[in-house]
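A closer look at the structure
Take a look at the letters that make up each chain.
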Amino acid sequence: MEYKIIKVFNNNVVLAKEKKDEVILVSKGIGFGKKIGDFIKANANIEKVFHEHGPNDKKLKEINEMSLKIKKLTHQIIEIAQENLGVLNENSEKMLEEHIEFAIERLRMGLTIENPFIEEIITLYRKEYEIAGIAREHILNEIGIDIGEEEQGFITLHLCSARKNKPLTEIMKITRIYKECLEIIEHELKTPIRLDSSFNKEFFRLLKFYVDTMHNYTSLEFEMKEDVRKRLGTSFKIATKIAQHIEEEMHISFTPDIIAYMTVDMHKLMQMK
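Being a predicted model, the structure only gives us computed values, none of them experimental.

Where helix H6 (residues 168-189) contacts helix H7 (residues 198-213), the axes come no closer than 11 Å and their chain directions differ by 125°. Overall, the two elements H6 and H7 adopt an arrangement that is oblique. Between H6 and H7 lies a crossing of right-handed hand. Contacts from Tyr178, Lys179, Cys181, Leu182 and Ile185 of H6 reach H7 at Phe199, Asn200, Phe203, Phe204, Leu207, Lys208 and Val211. For the contact of H6 with H7, the per-class residue count stands at 9 nonpolar, 1 polar and 2 charged.

Given below as structure tokens:
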């Protein structure tokens, strides 16, 4: 037996047809990537099935109301984001709406949301994080759920993706690489660096500048690069390792001159540690 999808409410809830009856199917991820007309097998690990009449009518009403609330507040969030961040990707509203639905469903099911890059997100994408904070307030006021700092971080990544018109996976990859570059410094200096330190914030700002503007400085020359390499050995070693890691992960080429400039900046940062 199969269910034919009539409507996808969110990633975890769909309205479907079973022979002549309409039913609500509830299960984690059941609606992900699905569209009207798709089929779901009856033995597909469905957690709950609500049939017509009785509790189903009430359940359908609850789901519809929640879906409309999320749609409305997502539209408000996108409007605020566009006012503060500029033009966003045309698909950003739909993607954010689906993400918020999924996050709320997880939180209502008692599942925790963990974000391994939260400190990096707060430092790297400050403006987007502030807008995500407004989204967090809207969700709390409209739905009565505090999504927490870590989910606020994931909404930040969605906004950053929409602003830069890059896939979310690419934004997450860049964030991971920045985190790994900081770990390279900690390994070389054999000391941990506080995530809320001035060094950390300046380092990410500096690294972001080099990555974002590298293509503008490919012909830049640093006449004293050999002196820098000899005099600032530790900083040069760290700058070289960071450049190599970014080259491997992001396919960005750092010229010896750029690495020399990065070495000098790294040396300045070391004084703040």
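The structure having been displayed, the exposition proceeds.
Among the secondary structure elements, His99 is positioned in helix H2 (residues 92-108). With residues near it in sequence (within four places) discarded, His99 still touches Glu151, Phe154, Ile155 and His158.

Once that is clear, we can look at the pairing of strand E1 (residues 2-10). Summarising the sheet, E1 and strand E4 (residues 39-41) pair through 3 bridges and their orientation is antiparallel. From the neighbouring strand, Glu2 faces E4, where its bridge partner is Lys41. Bridge analysis of E1 against strand E2 (residues 13-18) gives 5 bridges, and the strand direction is antiparallel. Bridged to Ile5 within E2 is Ala16. Turn length for the E1-E2 hairpin, with the two strands adjacent in sequence and antiparallel, is 2 residues.

Under the criterion given, the structure shown has 4 aromatic pairs. Their ring planes at 50° and their centres at 5.7 Å tell us that Phe203 and Phe204 sit as a pair that is tilted. For the pair Phe222 and Tyr261, a centre-to-centre distance of 4.4 Å together with 40° between the ring planes defines the contact as tilted. Taken together, the residues span a long stretch of sequence, with Phe222 in the loop between H7 and helix H8 (225-231) and Tyr261 in helix H10 (residues 256-270) at a distance of 39 residues. For Phe222, a relative accessible area of 14% translates into the label buried.

The rules behind each value
Residues numbered from 1 in each chain as written. Predicted model: local features only at pLDDT ≥ 70, side-chain atom pairs only at ≥ 80, totals over all residues. Heavy atoms only, no water. Axes fitted to C-alpha atoms, helices over the stretch in contact; angles between N-to-C directions. Helix = DSSP H or I, 4+ residues; strand = E, 2+ residues; numbered from the N terminus. Parallel < 35°, antiparallel > 145°, perpendicular 65-115°, else oblique. Left-handed = near helix turned anticlockwise from the far one by under 90°. Contact = heavy atoms within 4.5 Å. Nonpolar A, V, L, I, M, F, W, Y, C, P; charged D, E, K, R; others polar. Pairing = 2+ DSSP bridges. Phe/Tyr/Trp six-rings, centres within 6.5 Å; stacked < 30°, edge-to-face > 60°. Buried < 20%, exposed > 50% of the residue type's maximum accessible area, 1.4 Å probe, protein only.

Note that every value here comes from positions in space, so none of it alone points to a role or purpose.
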